[in-house]
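# Analysis of the macromolecular model
Here's the letter readout for the chains.
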Amino acid sequence: MPVSNPSAAGRPRSDLHATVFAATLRTVHELGYVNATMDRIAAAAGVAKTTIYRRWPSKGSLITDCLVDTFGEVPLAGATRAEIVTSGVHFLVAKIGEPGVGAAFAGVFVEAISDPALREVLSTRLQDPYRLLLQEVLGQPEHRVLLLIDVLVGTMLHRMGMTGGPMGEADVAALTRMVLHLLDD
C-alpha cells in the first residue's frame, strides 16, 4: 500500500504564491484596489479564501508580499551615483507602470495611513530592504535615502493617479536629475 506524503498534497507553495500574486495584480488592475477583495482575489486565483487567509492575514499583507515579489531585487547598474540612480528610477517607473502594480502600491499606502500594523509590514517587508541597499550603494544616511524614496515613489504614484499612466521619458529624466541633487547636499 503506498504511503502518502502530507507535505506533497496540494499545489507547491511557490506555484501557489505565483498564482495568487498574478490574480491579485489582475484583480486590482481590473477592479481597483478597494474592489479587489480577498474573495475576488481567491476566485481569480482559483483557490479557497481560507487558502489565502492561511498565508496572508489581510489584504494589506497580501498586497505587500505581492509587491515584494513583483519588485524583487532592484537591478542597480552603473559605476557612478548618477548611473546607479538612473537605473533604479527607470526600473521603478517600469514596475509601477505594470498593470495593477501602481494601483496596488497606492492602495496599500492609503490603507496604511490608518493601520499602524500595515505600516509596520510595509516598512519592514517592502521599504527597508531597498532602503538598506540604497544606503550602502549610494553611501547616504538613512534620512537622505528615505527622502529619495519618498520623492521618487510619491511622484510616480501621483502621476499615475492624476493621468492613469506612468511618467514619460522626458519627465523620468527630469525627475532623475532632481533627485540626484538631493544626494549632493
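For the structure itself, look to the data block above.
Residues numbered from 1 in each chain as written. Predicted model: local features only at pLDDT ≥ 70, side-chain atom pairs only at ≥ 80, totals over all residues. Heavy atoms only, no water.

## Describing helix α8 (residues 142–163)
Applicable threshold: In DSSP terms, a helix is any run of H or I states spanning at least four residues, a strand is any run of E spanning at least two, and both are numbered starting from the N terminus. A helix is expected to reach a length of 1.5 Å times the quantity of its residues less one. Only protein chains enter the accessibility calculation, which uses a 1.4 Å probe. A residue is then buried if its area is under 20% of the maximum for its type, exposed if over 50%, and partly exposed in between. Contact between two residues is taken to exist if any of their heavy atoms lie within 4.5 Å; hydrogens are not considered.
Here α8 is 22 residues long and its end C-alpha atoms lie 31 Å apart, about the 32 Å a rise of 1.5 Å per residue gives. Every buried residue of α8 is accounted for by R144, V145, L148, I149, L152, V153, M156, L157 and M160. Looking at the buried side of α8, the elements it contacts are α5 (81–96), α6 (101–113), α7 (116–138) and α9 (169–184). Of the residues trailing α8, G164 is marked for its positive phi of about 85 degrees.

## Description of helix α4 (residues 59–71)
Between its first and last C-alpha, α4 extends 18 Å over 13 residues, near the 18 Å set by a 1.5 Å rise per residue. Within α4, 11 of the 13 residues are buried, which leaves the element mostly enclosed by the surrounding structure.

## Topic: the packing of aromatic side chains
Spelled out, the test is: Each aromatic pair joins two rings of Phe, Tyr and Trp (for Trp, the six-membered one) with centres within 6.5 Å, and gets the label stacked for planes under 30 degrees apart, edge-to-face for over 60, and tilted for any other angle. By definition here, charges over rings are those cases where NZ of Lys or CZ of Arg is within 6 Å of the ring centre and within 35 degrees of the ring normal.
One pass over the full model with this rule turns up four aromatic pairs. Ring pairing ties together the aromatic residues F71, F91, F105 and F109, which thus form one cluster. Across the ring face of Y33, the terminal group of K59 is positioned such that the distance to the ring centre comes to 4.0 Å.

## What to know about the layout of surface pockets
Rules: With a 1 Å grid laid over protein atoms only, a set of points is called a cavity when a 1.4 Å probe fits there but cannot get out and a pocket when it is open yet has protein on both sides within 12 Å along at least five of seven lines; lining residues have an atom within 4 Å of a point. Grid points are joined across faces, edges and corners, and a volume is the space filled by probe spheres set on the points. Amino acid classes used here: Ala, Val, Leu, Ile, Met, Phe, Trp, Tyr, Cys and Pro are nonpolar; Asp, Glu, Lys and Arg are charged; the rest, including Gly, are polar.
Taken as a whole, the largest pocket holds about 580 Å³ of empty space. As for the largest pocket, its lining consists of 27 residues, of which L92, F105, Y130, I149 and V153 are closest to the centre. Listed by contribution, the elements that provide at least two residues to the lining of the largest pocket are α5, α6, α7 and α8. Considering each element in turn, the lining of the largest pocket owes the most residues, eight residues, to α7. Of the residues contributing to the lining of the largest pocket, the split by class is 21 nonpolar, four polar and two charged.

## A few points about empty space enclosed by the protein
Applying the stated criterion across every chain yields a total of one cavity of 30 Å³ or more. Roughly 30 Å³ of internal volume is contained in the largest cavity. Around the largest cavity, the lining residues are V93, I96, M156, M160, P166 and M167. Contributions of two or more residues to the lining of the largest cavity are made by α5 and α8. Here the residues of the lining of the largest cavity sort into six nonpolar, no polar and no charged.

## With respect to the environment of R177
Looking at where R177 falls in the secondary structure, it is placed in helix α9. Residue classification places R177 among the exposed residues on the basis of a relative accessible area of 52%. For R177 and S58, which are 119 residues apart along the polypeptide, the C-alpha to C-alpha distance reads 38 Å.

## Thoughts on the nonpolar core
Definition in use: Take the buried residues of types Ala, Val, Leu, Ile, Met, Phe, Trp, Tyr and Cys, join any two whose side-chain atoms come within 4.5 Å, and each joined set is a nonpolar core.
In this structure, V20, I52, L67, F71 and M156 are the most contacted members of the largest nonpolar core, which totals 53 residues. Breaking this core down by element, the ones donating at least two residues are α1 (13–31), α2 (38–45), α4, α5, α6, α7, α8 and α9. Considering every element that reaches this core, the biggest residue donor is α8, with eight residues. Beyond its immediate sequence surroundings of up to four residues, L67 is in contact with V101, A104, F105, V108 and L126.

## Regarding the pattern of salt bridges
Where we set the bar: Salt bridge, as used here: a side-chain nitrogen of Lys or Arg that lies within 4 Å of a carboxyl oxygen of Asp or Glu.
Scanning all chains against the criterion turns up six salt bridges. As a salt-bridge pair, E98 and K95 come within 3.4 Å of each other at their nearest N and O atoms. Residue K95 is classed as buried on the basis of its relative accessible area of 18%. Between R131 and D128 there is a salt bridge, and its shortest N-O distance comes to 3.4 Å. One end of the pair, R131, and the other, D128, are both in helix α7, three residues apart, so they sit about a helical turn from each other. D128 shares its class with R131; the two are buried. Residues joined in a network through salt bridges with shared partners are D128, R131 and E142.

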